[in-house]
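Examining the three-dimensional arrangement
Listed below are the residues making up each chain.
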Amino acid sequence: METWRIVATSVLALAGLPLVLVLMAKARDRTDSSGTVAVTGAVALVVLLLLGVVMLTVLPGALTWCVVGLVAAALGVMLLAS
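As the structure is a prediction and not an experimental result, all values here were calculated from the model.

**Describing the pattern of salt bridges**
- The final tally for this structure, using the stated rule, is two salt bridges.
- Arginine 5 is the partner of glutamate 2 in a salt bridge, and the nearest nitrogen-oxygen pair spans 2.9 Å.
- Accessibility expressed as a relative area gives 39% for glutamate 2, which makes it partly exposed.
- Arginine 5 gets classed as buried once you look at its relative accessible area, which sits at 10%.

**Examining the packing of helix α1 (residues 3–31) against helix α3 (residues 61–81)**
- At a minimum axis separation of 9 Å, α1 and α3 run at an interaxial angle of 30 degrees. One element, α1, and the other, α3, form an angle in the roughly parallel class. Once α1 is placed against α3, the crossing between them reads as left-handed. Seen from α1, the contacting residues are Trp4, Val7, Ala8, Val11, Leu12, Ala15, Gly16, Pro18, Leu19, Val22, Leu23 and Lys26; seen from α3, they are Gly61, Thr64, Trp65, Val68, Val71, Ala72, Ala74, Leu75, Met78 and Leu79.

Quick notes on the rules
Residues numbered from 1 in each chain as written. Predicted model: local features only at pLDDT ≥ 70, side-chain atom pairs only at ≥ 80, totals over all residues. Heavy atoms only, no water. Salt bridge = Lys/Arg side-chain N within 4 Å of Asp/Glu carboxyl O. Buried < 20%, exposed > 50% of the residue type's maximum accessible area, 1.4 Å probe, protein only. Axes fitted to C-alpha atoms, helices over the stretch in contact; angles between N-to-C directions. Helix = DSSP H or I, 4+ residues; strand = E, 2+ residues; numbered from the N terminus. Parallel < 35°, antiparallel > 145°, perpendicular 65-115°, else oblique. Left-handed = near helix turned anticlockwise from the far one by under 90°. Contact = heavy atoms within 4.5 Å.

Laid out in structure tokens, this is it:
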């Protein structure tokens, strides 16, 4: 496995885990239901894990770094908007 894949996946995890928490907080603010918050967190975490596995194994380099950039940008926008 190439080093850049490991670095990209690590950066994705560093940006993705706070993004999951932000999504859960926004779901709590909008619905006020703990069930919705749990489902939102579970879905976001599973998508993040699947994306990490695909990045580690088969995704091309340019697309991998674009995904990392999009996740980091989404986290930045959501943190600034709240």
